[in-house]
Amino acid sequence: NAGVTQTPKFQVLKTGQSMTLQCAQDMNHEYMSWYRQDPGMGLRLIHYSVGAGITDQGEVPNGYNVSRSTTEDFPLRLLSAAPSQTSVYFCASRPNRDSHSTDTQYFGPGTRLTVL
Amino acid sequence: AQSVTQPDIHITVSEGASLELRCNYSYGATPYLFWYVQSPGQGLQLLLKYFSGDTLVQGIKGFEAEFKRSQSSFNLRKPSVHWSDAAEYFCAVGAGGYQKVTFGTGTKLQVIP
């Protein structure tokens, strides 16, 4: 298993550009999520998905779109990048979406995004 | 909604000394609690987790944490710190529908020889 993979590792955008951060897992996990990490703020949940075709907003969803057409992939789209979206983005997954799941959440290596 | 507070932004300890990192949570019921470690430029690795049962939880790399319901705390401890423990540590709580995980702001650990 490759685990949770993210591409690209680094990206520089200009304000107003769009792009998609890719996330994939090969473990057949139900639950997937996107976080952003900013200095002094920890990780904040952007969006999450509990299965193919099912997504919902997290704590900081504005400016981001997601979709989940397959179990494996959970891309994060920035439609019009802003400097405030400069951050490190982490994708994570866990096997079971259940509220009482005791599964471990696995994190990808992250994507470092800079918006100029 | 749940929340997590890590009151110490930065901690410095000498190699071989003991370590305690503080974590307080806010949630109406018993949450699921986690400690993660992040080395510079790396992703997050789970150190340990608490769901129920014994309130003293053992994790990897010699870490342990104790859940204290009366204090809403889940402090991380290690009896003897190694230089390789220098990293940033995040406490997190999983609660609510689909058990969404909320992270604290992190504590950066520096280990001096």
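Just so it is clear, the structure is predicted and the values come from calculations on it, not from any experiment.

A.B. asks: Can you break down the interface of chain A and chain B residue by residue, with the values?
C.D. replies: Of the residues lining the interface, 24 residues belong to chain A; the matching set on chain B comes to 19 residues. Carbon and sulfur atoms supply 53% of the area buried between chain A and chain B, which totals about 1,800 Å² over both sides. Seen at the junction of chain A and chain B, the total is zero salt bridges. Across the contact surface, chain A and chain B share three residue pairs in polar contact (both at pLDDT 80 or more). Taken together, the elements giving at least two residues each to the side of chain A that touches chain B come down to strand S4 (31–38), strand S5 (42–51) and strand S9 (87–94) of chain A. Considering each element in turn, the side of chain A that touches chain B owes the most residues, five residues, to S5(A). Counted by class, the side of chain A that touches chain B contains ten nonpolar, ten polar and four charged residues.

A.B. asks: How would you sum up the state of the cysteines? Please name residues and give values.
C.D. replies: Residue and element names in this part refer to chain A. Overall, the coordinates contain two disulfides over all chains when judged by the stated rule. One disulfide in the model links Cys23 with Cys91; its S-S distance is 1.8 Å. Looking along the S-S bond of the Cys23-Cys91 disulfide, the torsion reads about -70 degrees, which is the left-handed sense. Taken as a pair, Cys23 in strand S3 (residues 19–25) and Cys91 in strand S9 lie far apart in primary sequence, 68 residues in all. By relative accessible area, which is 1% here, Cys23 ends up buried. Accessibility expressed as a relative area gives 0% for Cys91, which makes it buried.

A.B. asks: I'd like a description of the nonpolar core, backed by residues and values.
C.D. replies: The biggest cluster of nonpolar side chains holds 26 residues, and the ones touching the most others in it are Leu19(B), Trp35(B), Leu47(B), Leu48(B), Phe74(B), Leu76(B) and Tyr89(B). Elements with a contribution of two residues or more to this core: strand S2 (10–14), strand S3 (19–21), strand S5 (32–38), strand S6 (44–50), strand S8 (64–68), strand S9 (73–78), strand S10 (87–95) and strand S12 (107–112) of chain B. Here the element with the most residues in this core is S10(B); it accounts for four residues. With 20 residues, the next largest nonpolar core counts Tyr48(A), Phe107(A), Tyr36(B) and Leu46(B) among its residues.

A.B. asks: Pulling in residues and values, what's your account of the pattern of salt bridges?
C.D. replies: Pairing is possible between side chains of opposite charge, provided their charged atoms come close. Within this structure, the stated rule accounts for six salt bridges over all chains. Arg44(A) is paired through a salt bridge with Asp38(A); the nearest N and O atoms lie 2.8 Å apart. Arg44(A) gets classed as buried once you look at its relative accessible area, which sits at 16%. With its nearest N and O atoms 2.8 Å apart, the salt bridge here joins Lys78(B) to Asp85(B). With a relative accessible area of 4%, Asp85(B) lands in the buried category. Counted as one network, the salt bridges with shared partners bring together Arg36(A), Asp38(A) and Arg44(A).

Definitions and limits used
Each chain carries its own residue numbering, running from 1 in the written order of its sequence. Starting at A for chains and at 1 for ligands, labels are handed out in the order in which the entities are written. Reporting of local features is limited, given that this is a predicted model, to residues whose pLDDT is at least 70; pairs of side-chain atoms are given and counted only at 80 or more, and all residues count toward the totals for whole chains, interfaces and linings. Remark: hydrogens and water are excluded; side-chain values derive from all non-hydrogen atoms of the structure. A contact between two residues is defined here by any heavy atoms of the two lying within 4.5 Å. Two parts lose some accessible area (1.4 Å probe) when they are put together, and adding that loss for both gives the buried area. Counted as salt bridges are all cases of a side-chain nitrogen of Lys or Arg within 4 Å of a carboxyl oxygen of Asp or Glu. What qualifies as a polar contact is a pair of N or O atoms within 3.5 Å, subject to a donor-acceptor requirement within protein and to the restriction that residues adjacent in sequence count only when both atoms come from side chains. Labels follow the DSSP assignment, with helices taken as runs of H or I lasting at least four residues and strands as runs of E lasting at least two, numbered in each case from the N terminus. Think of it as three bins: nonpolar holds Ala, Val, Leu, Ile, Met, Phe, Trp, Tyr, Cys and Pro, charged holds Asp, Glu, Lys and Arg, and polar takes everything else, Gly as well. Any two cysteine sulfur atoms lying within 2.5 Å of each other are counted as a disulfide. Note on exposure labels: buried denotes an accessible area under 20% of the residue type's maximum, exposed denotes more than 50%, and partly exposed covers the range between, all computed with a 1.4 Å probe on protein chains only. As used here, the term nonpolar core means buried Ala, Val, Leu, Ile, Met, Phe, Trp, Tyr and Cys residues forming a set that is joined through side-chain atoms within 4.5 Å.

So far we have only geometry, and geometry alone does not tell us how the molecule works.
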